[in-house]
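# Descriptive analysis of the structure
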Amino acid sequence: MRWSTMHIPTLREDPAEAGAPSHRLLLRAGYIRQLYAGHYSLLPLAVRVRLKVIGVIREEMNRIGAQEILMPVMHPAEVWQRSGRWYAIGDEMFRLKDRKGADLVLGMTHEETVTTLASELNSYRELPKSLYQFQTKLRDEARPKAGLMRTREFTMKDSYSFDLDAAGLDKSFDLHYEAYSRSFARMGIPAIPAEASNGAMGGSGSIEFVCPAESGEDDVVHCPNCGYAGNAEKATSTLPPADAAADAAAAADAPERFDTPGVRTIEDLARDYDAPGDRQLKTLVYVLGGELTLVLVRGDHALEEQKLIDATGKADARPATAEEIFAALGAHPGSLGAVGVTDLPVIADEALRGRSGMVTGANTDDVHVRGVDVARDIAVGTWADLRAAQAGESCVRCGSPLEVVKGIEVGHIFKLGTKYTDAFELSVSGPDGKPARPVMGCYGIGVERAMAACIEVHHDDKGIAWPASIAPFEAVVVVAQQNNAEVAEKGEQVYRGLADAGVDVIIDDREVRAGVKFSDAELVGIPFRVTIGKRGLAAGTAEVTDRATGETAEVPFDQVPKHVREAVAAAISLS
């Protein structure tokens, strides 16, 4: 491959519209160009990286016995209606009609479609079965951004497992966990497996693979001591026990009202009325499944909304409006409480269980109550873990302080159970001859997102530094003086020798200054640069430079293929 004929439109300056390092560098290095928000053309270099990423994942999927298929990207509405997700998923789903007026969907995922395929499974002897594909997905993201990290059109490797029972699902899940861990390691992506919510996917459990990066949108609660991790929607922590003596000192025989003019926030109450946040009951009002519900957390804690959704099973959760709140409780936010409320459901965070001597709103503007005993004074209908875990709190496994890190979700694996096989009435003949309902898992990796995440952790002020396993080329031969016939000829010889040795190589044979070639090679991120110049020609050597370390070795011309091949192999083995 020749640089002079390949389409690599590098830019000298950073694009103004790009913020995340991967977005900026993919544009500058000539990998992508935006058509419009959330839709990108992949240029030749990006196509090569994408194919290598797919190759790594495909090898690991085949290794666990999964079989590759390819399903349509356009689906009839009927299959989504049958699962219920036609109604549950909002504006992020692209919907359209064909010329006959039939409702269609552009696939954002393929659970429904693959379950229809599995209807041809007849016997437990055909299980387990894992099917996977690399297919375009389309999601109408409200705010596509950061280049390839959040787009409306992207490639996903999605796989689906079918097993006879929960034990079989556990095995398929573990196999995918191992395949994903190996895939990310081979691609040079330091992915943390974090417990996560199943959300709209349904099912009993999931693991999100998160690449730590400051540009990431996910918060991951992580224990550096034992390795526990959970994303913000799922993570838990251990709190120190409540001070029983302090609770007793603040207790009262019945809640006592007191005036709090102008108090609107937790901080106001703590500052002016000797009511620290950990002694306050924060009352939030949500509409869950169309029903107004009081949600209680400790004053110094934040509600994690996905935990509320998971605890109640109400995906259509939203904060109540000020008008709805006043109509139900007779007060405005800042003076709300659940004491004495019996006509609305109440769900409370576990951190409030057993607490007394607490302070909360009186459901009268500018009035609060103190001495609240949660068990005595509030009709809690449901207890659940609702709070967001915070840095510094204790790990639930080992007790060490937790950290919160930013990260990019690069993969997600789910235990779906029978949500979809129930909806499609899929059954096979079991070992006893009776119908058995297969249990499913689903597993996804965003291909272009993995490319972007890799750049987020493998770049410097010169450009991208691809791991050798997924770089567009493993080596570039830079002819320093293209107008010198002897140097140009030696460059061609070295290039052909590397190609014959099995090195994925490109030659930079452009009629430009050597400095431009060096800068472009560093910007594009090719792992090894082989420089052929007049000085080296006289000495019989080429300069071989490692992009990641910057180290340069003088290598005799006849040893260059062996040296580079071994260097590439060593770099890949370290991934």
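Since this is a predicted model, take the numbers as computed values, not measurements.

### Quick word on the pairing of strand β9 (residues 192-196)
Burial of β9 is one-sided: the residues Ile192, Ala194 and Ala196 facing one way are buried, the residues Pro193 and Glu195 facing the other way are not. Of the strand pairs in this sheet, β9 and strand β10 (residues 205-212) are connected by five bridges, and their pairing is antiparallel. Along β10, the bridge assignment pairs Ala194 with Glu208.

### Comments concerning the layout of surface pockets
One number sums up the size of the second largest pocket: a volume of about 310 Å³. For the second largest pocket, the lining is made up of 15 residues, of which Trp466, Pro467, Ala468, Ala548 and Ala571 are closest to its centre. The residue inventory of the lining of the second largest pocket, partitioned by class, reads nine nonpolar, four polar and two charged.

### As for the domain arrangement of the protein
The domain architecture assigned to the protein consists of domain 1 (21-210 + 407-456), domain 2 (244-384) and domain 3 (466-574). Taken over C-alpha atoms, the centre of domain 1 sits 38 Å from the centre of domain 3. If you look at the interface, domain 1 gives 16 residues, while domain 3 gives 11 residues. Of all residues in domain 1, Tyr31, Arg48 and Lys52 bury the most surface against domain 3, accounting for 37% of the area lost on that side. Going through the elements one at a time, α1 (21-28), α2 (44-63) and α13 (447-457) are the ones with two or more residues in the side of domain 1 that touches domain 3.

### Some details on the sheet that holds strand β6 (residues 103-106)
Sheet architecture is open: three strands sit in the order β4-β6-β5, paired in antiparallel fashion. Bordering the open sheet on either side are β4 (74-76) and β5 (94-97), each of which pairs with just one other strand. If you compare each strand with its neighbour and ignore which way they point, the axes differ by 35 degrees on average. Where β5 lies against β6, four bridges are found, and the strand directions are antiparallel. Across the sheet, Lys97 pairs through a bridge with Asp103, a residue of β6.

### Things to note about unusual backbone geometry
For the bond from Leu127 to Pro128, the omega torsion is 0 degrees, close enough to zero to count as cis. The backbone phi angle of Ala146 is positive, close to 60 degrees, even though this residue is not glycine. Under the relative-accessibility criterion, Ala146 is labelled partly exposed at 22%.

### Structural notes on the packing of α2 against α13
Two packed helices can be described by the angle between their axes and the distance between those axes. The N-to-C vectors of α2 and α13 enclose an angle of 105 degrees; their axes lie 10 Å apart at closest approach. As the angle between them shows, α2 and α13 are arranged roughly perpendicular. Counting all contacts with α2, which are made through Ala46, Val49, Arg50, Val53 and Ile54, the residues of α13 involved are Val447, Glu448 and Met451.

### Re the sheet that holds strand β17 (residues 346-349)
With mixed pairing, five strands are arranged side by side in an open sheet as β16-β14-β15-β17-β20. Each having just a single partner strand, β16 (318-319) and β20 (382-384) make up the two edges of the open sheet. As paired elements, strand β14 (residues 281-288) and β16 share two bridges and run antiparallel to each other. Across the sheet, the residue bridging to Val287 is Arg318, located in β16. Relative to the sheet, helix α9 (residues 305-312) contacts β14, β15 (291-298), β16, β17 and β20, its axis offset from that of β14 by approximately 60 degrees.

### A closer look at α13
By the criterion of burial, α13 is predominantly enclosed, with nine of the 11 residues buried. Taken residue by residue, α13 has Val447, Glu448, Ala450, Met451, Ala452, Ala453, Cys454, Ile455 and Glu456 as its buried positions.

### Focus: the environment of Tyr495
Within the element layout of this structure, Tyr495 appears in helix α14 (residues 485-500). Given a relative accessible area of 12%, Tyr495 falls into the buried group. Each C-alpha atom of the pair Tyr495 and Pro561 lies 8.9 Å from the other, and the pair is 66 residues apart in sequence. With near-sequence residues (within four places) excluded, Tyr495 lies in contact with Met1, Arg2, Val477, Val505, Ile506 and Ile507.

### A few points about the nonpolar core
Tyr31 and Trp466 are the most contacted members of the largest nonpolar core, which totals 62 residues. If you count residues domain by domain, this core takes at least three from each of domain 1 (21-210 + 407-456) and domain 3 (466-574). In this structure, Trp466 is in contact with Tyr31, Val49, Met451, Cys454, Ile455, Ala471, Pro472, Val524, Gly525 and Pro527, ignoring residues within four places of it in sequence. Among the nonpolar cores identified, the runner-up in size contains 25 residues, and Val287, Ala331, Ala338 and Val346 belong to it.

### Focus: the pattern of salt bridges
Overall, the coordinates contain 46 salt bridges when judged by the stated rule. Two residues, Arg496 and Glu489, come together in a salt bridge whose shortest N-O distance is 3.7 Å. Between Lys562 and Glu566 there is a salt bridge, with the nearest N and O atoms lying 2.8 Å from each other. Placement of both Lys562 and Glu566 in helix α17 (residues 560-574) is noted, with a separation of four residues, approximately one turn of the helix. Taken together, the shared-partner salt bridges connect Arg2, Glu489, Glu492, Arg496 and Asp509 into one network.

### Considerations on α14
Here α14 contains 16 residues, and its C-alpha end-to-end distance of 22 Å stays within 8% of the 22 Å for a straight helix at 1.5 Å per residue. Restricting attention to buried positions, one finds in α14 the residues Val487, Ala488, Lys490, Gly491, Glu492, Val494, Tyr495 and Leu498. On its buried face, α14 is in contact with β27 (475-479), β28 (505-508), β29 (528-532), α16 (534-539) and α17. One or two positions beyond α14, positive phi appears at Gly502, with a value near 90 degrees.

### Concerning the pairing of strand β1 (residues 32-36)
In the sheet, β1 pairs with strand β2 (residues 39-42) via four bridges, with the strands oriented antiparallel. Across the sheet, residue Ile32 finds its bridge partner in β2, namely Leu42. Linkage of β1 to β2, two consecutive antiparallel strands, is achieved through a turn of two residues, within which Gly38 is found at a positive phi near 85 degrees.

### Let's talk about the environment of Thr312
With respect to the helices and strands, Thr312 occurs in helix α9. On the basis of relative accessible area, Thr312 is assigned to the partly exposed category, the value being 26%. Expressed as a C-alpha distance, the spacing of Thr312 and Ile347, which sit 35 residues apart in the sequence, is 9.0 Å. Apart from residues no more than four positions distant in its own chain, Thr312 is found in contact with Leu288 and Ile347. One polar contact links the side chain of Thr312 to the main-chain carbonyl oxygen of Leu308, over a distance of 2.9 Å.

What counts and what doesn't
Residues numbered from 1 in each chain as written. Predicted model: local features only at pLDDT ≥ 70, side-chain atom pairs only at ≥ 80, totals over all residues. Heavy atoms only, no water. Buried < 20%, exposed > 50% of the residue type's maximum accessible area, 1.4 Å probe, protein only. Helix = DSSP H or I, 4+ residues; strand = E, 2+ residues; numbered from the N terminus. Pairing = 2+ DSSP bridges. 1 Å grid on protein atoms, 1.4 Å probe; cavity = no way out; pocket = protein on both sides within 12 Å on 5 of 7 lines; lining within 4 Å. Points joined across faces, edges and corners; volume = space filled by probe spheres on them. Nonpolar A, V, L, I, M, F, W, Y, C, P; charged D, E, K, R; others polar. Domains from an automatic or database assignment. Contact = heavy atoms within 4.5 Å. Buried area = accessible area lost by both parts, 1.4 Å probe. Axes fitted to C-alpha atoms, helices over the stretch in contact; angles between N-to-C directions. Parallel < 35°, antiparallel > 145°, perpendicular 65-115°, else oblique. Core = buried A, V, L, I, M, F, W, Y, C linked by side-chain atoms within 4.5 Å. Salt bridge = Lys/Arg side-chain N within 4 Å of Asp/Glu carboxyl O. Expected span 1.5 Å × (residues − 1). Polar contact = N/O pair within 3.5 Å; in protein donor to acceptor, adjacent residues only side chain to side chain.

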